[in-house]
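# Architecture at a glance
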Amino acid sequence: MKPVVGGWSLRRRVITLLTVVGVLLIGLATAEAAMATRNRTQIDAILNQTGPLRVQSQELLNALLDQETAIRGYAVSGKPADLRPYRDGLTQEERVVASMRTLLDDYPQIGQEMRIVEERALQWRQSVAEPVIATTEQSGTQAGQALITDQARQQFDQLRSAVNDLQEEILVAREEAAANVRTSSNVLVVLLIVAALVVVVAGALLLLSLDRMVIRPLVGLADQVREVAEGDYQHGIATTGPPEFIRLGEDVDAMRQKIAADLAEVRAARERIEWVNAQLQKQAEELTRSNRDLEQFAYVASHDLQEPLRKVASFCQLLQRRYAGQLDERADQYIAFAVDGAQRMQRLINDLLAFSRIGRLTTGFVEVDLNKVMGDVAGQTEAALQYADAELTWDELPVISGEEPLLTNLLANLVSNSIKFRRPDVPPKVHVSARLVDAGWEISCQDNGIGIEPEFADKIFVIFQRLHSKDAYPGTGIGLAIVKKIVEYHGGQVWVDTDVPEGTAIRFTLPALPGDVEAAAAAADSPPQPPALTGGDPTPSTEAPATLTEQADGSDQPDRADGTPEGGRTGDMRETVG
């Protein structure tokens, strides 16, 4: 079968087919809905009318039998208690009759039979039941039994026969409704089969149409596109089928021509990019090798320079002690200059050696309690604290994962800088605190010192950068560079907070332990608890004399402080000197 070229569009063909099928299905659906409604009405008649009528007719018969049995028993015993079933049966009869009348609107024949039953029941009570009760009450059981004759029994049998006729009429009505249900169900099934046949025929027509108008043209177009995709960008694309497919083939062919034109440019650009990437890779490898060589050079140079410097410093000091006062004043000054230069060179080399060792000589990360670290820092800086009449305090600090010696060096550098860069005649106050931010701890070292101008906030972390002369504030200018390298080695960041009212605040982040993060998340999700009220005074924070030993080598960088905590107190520790 040859694919159709041109003619009706694919959309028009599909819409026409779907319209015809839709009209047929709507007609069938309407007929099915009407038949289903009728079927439901008939089923409701069986379930909600004839069914309950059958049950209630049996209840009516039972009530009449109870009345007849009670009359016989009372005539024999004469006991008023034996009349209770009679009265209960009479009440049940009235209830059942009233309930059945509500269901007889659509069944006049059953209603006629119902009236016959009521009339005969009334006649039986008037001619038999009531006289027996009255006679037994007045003349005794013998007189009452004398009224229960064969004629009385035949009269009750007629009443029972009327009830049976009522039940037969109800059964006939139920069978008729069941037959109607079966008929409507069969019609509904036929309509469903017809609808299914319409769907199947429509599906078959749609499938054939799709095969002729869609699948075959698409397969041809796909074969040609696949040929182009395999690399034959000069292969022209021709399409048959509905107008939409012809336009699609033209658009694809136009795209092929554009791709063929752009491909040459892409290939040339890719060759240039590959060449640039190769050059960048070479430069990256060279840079890595250069950095490694520089670190090794710094370590070796600083280590190997120690011995000659020690000799120079020793002999200069020996000259200073032995010939002091024997030479002229200028010679003593020159010797002092030599001694001072040798000592500063030794400090510089020591700081450079410490800087180069960070991250190279590692003992592995362990859990480190920063409260213990601060205790060690207080001991190391004790002399400096006492000399400056300084106060060191810290809040409750967390436990983190890191190298304890490096973290001790980090905090010692920060505290030493806070003491060094103090204001004249103002006792230094240094406070260390921590707070959990997202998945890390933000630790702050604040002081009330001279502060740092915002434009120098980044410069102070550069190695050997100084904002003051060595005469004003001694040091090598490498302390905060060591701080930055230690923080970055632990996966954090360090910066100067310039938004403090006085002094300097240096803040840095360290990754928190997973348990701390989970505990903080749980505390944030849980409702706040009201504070417990106690009768005693709050317990004051522990005080311990704190000291800060001489600053770590090279910690001459300008410093930072956010201001001191009120009264020097912290949430957990207080260190004071003075």
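These notes cover the structure that comes with them. Nothing here was measured: the structure is a model prediction, and the numbers come from that model. (Residues numbered from 1 in each chain as written. Predicted model: local features only at pLDDT ≥ 70, side-chain atom pairs only at ≥ 80, totals over all residues. Heavy atoms only, no water.)

### Here's the deal with the pattern of salt bridges
In plain terms, the rule: Just to be clear on terms, a salt bridge is a Lys or Arg side-chain nitrogen sitting within 4 Å of an Asp or Glu carboxyl oxygen. We count a stretch as a helix when DSSP gives it H or I for four or more residues in a row; a strand needs E for two or more, and each element gets its number in order from the N terminus. A 1.4 Å probe rolled over the protein chains alone gives each residue an accessible area, and that area as a share of the maximum for its type sets the label: buried under 20%, exposed over 50%, partly exposed in between.
Scanning the entire structure with this criterion turns up 11 salt bridges. A salt bridge links E93 to R125, with the nearest nitrogen and oxygen atoms 2.7 Å apart. Within this pair, whereas E93 is found in helix α2 (residues 84–101), its partner R125 is found in helix α3 (residues 108–139), the two being separated by 32 residues in sequence. For E93, a relative accessible area of 6% translates into the label buried. Of the charged contacts, one joins K258 and D262 as a salt bridge, the two residues approaching to 2.9 Å between their closest N and O atoms. Here the residue K258 and the residue D262 both occupy positions in helix α6 (residues 243–304), the gap between them amounting to four residues, near one helical turn.

### Remarks on the packing of helix α1 (residues 10–77) against α3
Short version of the rule: Axes here refer to lines fitted to C-alpha atoms; in helices the fit is confined to the stretch in contact. Angles between the N-to-C directions go from 0 to 180 degrees. Here the angle decides the label: under 35 degrees means roughly parallel, over 145 means roughly antiparallel, 65 to 115 means roughly perpendicular, and every other value means oblique. Helix crossings are classified by the rotation of the near helix relative to the far one: an anticlockwise turn of less than a right angle makes the crossing left-handed, while a clockwise turn makes it right-handed. By definition, residues are in contact when any of their heavy atoms lie within 4.5 Å.
The contact between α1 and α3 brings their axes to 10 Å, and the two run at 15 degrees. Relative to α3, the element α1 lies roughly parallel. Along this stretch, α1 crosses α3, giving a crossing that reads as left-handed. Counting all contacts with α1, which are made through L53, L60, L64, Q67, E68, I71, Y74 and A75, the residues of α3 involved are I110, M114, V117, A121, W124, R125, A129, V132, I133, T136 and E137.

### So, the environment of K484
Tracing the sequence through the fold places K484 in helix α12 (residues 479–489). Once the C-alpha coordinates of K484 and V494 are considered, the two residues, 10 residues apart in sequence, prove to be 6.2 Å apart. Beyond its immediate chain neighbours, meaning those up to four positions away, K484 contacts F461 and V494.

### Comments concerning the packing of helix α11 (residues 404–420) against α12
In plain terms, the rule: Charged means Asp, Glu, Lys or Arg here, nonpolar means Ala, Val, Leu, Ile, Met, Phe, Trp, Tyr, Cys or Pro, and polar covers whatever is left, Gly included.
Where α11 contacts α12, the axes come no closer than 9 Å and their chain directions differ by 145 degrees. Handedness of the crossing formed by α11 with α12: left-handed. Between α11 and α12, the contacting residues are L406, N409, L410, N413, L414 and N417 on the first element and G479, L480, I482, V483, I486, V487 and Y489 on the second. A class-by-class count of the residues in the contact of α11 with α12 yields nine nonpolar, four polar and no charged.

### Section: helix α9 (residues 370–380)
As a reminder, the rule being used: Directions from the helix axis toward the C-beta atoms define the arc. Here a polar contact means two N or O atoms within 3.5 Å. Within protein one must be a hydrogen donor candidate and the other an acceptor candidate, and residues neighboring in sequence count only if both atoms are side-chain atoms.
Within the span of α9, buried status applies to L370, N371, V373, M374, V377 and A378. Angular distribution of buried residues about the axis of α9 spans 155 degrees; they occupy a single face of the element. At the N-terminal boundary of α9, the capping side chain belongs to D369, with an oxygen 3.0 Å from the backbone nitrogen of N371.

### Notes on the environment of A33
For A33, the location among the structural elements is in helix α1. Its relative accessible area of 42% is what places A33 among the partly exposed residues. A C-alpha to C-alpha distance of 8.8 Å links A33 and L188, two positions 155 residues apart in sequence.

### A few points about the packing of aromatic side chains
How we decide: When the centres of two rings from Phe, Tyr and Trp lie within 6.5 Å, Trp using its six-membered ring, the rings pair. Their planes under 30 degrees apart give stacked, over 60 give edge-to-face, and anything left gives tilted.
A full pass over the atoms with the stated rule returns two aromatic pairs. For the ring pair F365 and Y489, a centre distance of 5.7 Å and an interplane angle of 80 degrees mean the geometry is edge-to-face. Here F365, found in the loop between α8 (329–357) and β1 (366–369), pairs with Y489, found in helix α12; they are 124 residues apart in sequence, far enough to count as distant. By relative accessible area, which is 38% here, F365 ends up partly exposed.

### With respect to empty space enclosed by the protein
So the rule is basically this: For each structure, a 1 Å grid was placed over the protein atoms alone; sets of points admitting a 1.4 Å probe that cannot get out are labelled cavities, open sets with protein on both sides within 12 Å along at least five of seven lines are labelled pockets, and lining residues have an atom within 4 Å of a point. Grid points are joined across faces, edges and corners, and a volume is the space filled by probe spheres set on the points.
Inspection of the entire model under this criterion finds one cavity of 30 Å³ or more. Here the largest cavity defines a volume of roughly 60 Å³. At the level of elements, α1, α3 and α5 (150–229) are the ones that each hand at least two residues to the lining of the largest cavity. Per element, the largest residue contribution to the lining of the largest cavity is three residues, and it comes from α1. Partitioned by chemical class, the residues of the lining of the largest cavity number five nonpolar, no polar and three charged.

### So, unusual backbone geometry
Backbone geometry at D425 places phi at a positive 65 degrees, although glycine is not the residue there. By the element assignment, D425 lies in the loop between α11 and β4 (429–437). Even without a glycine there, the phi angle at D438 is positive, about 55 degrees. Mapped onto the fold, D438 is located in the loop between β4 and β5 (440–447).

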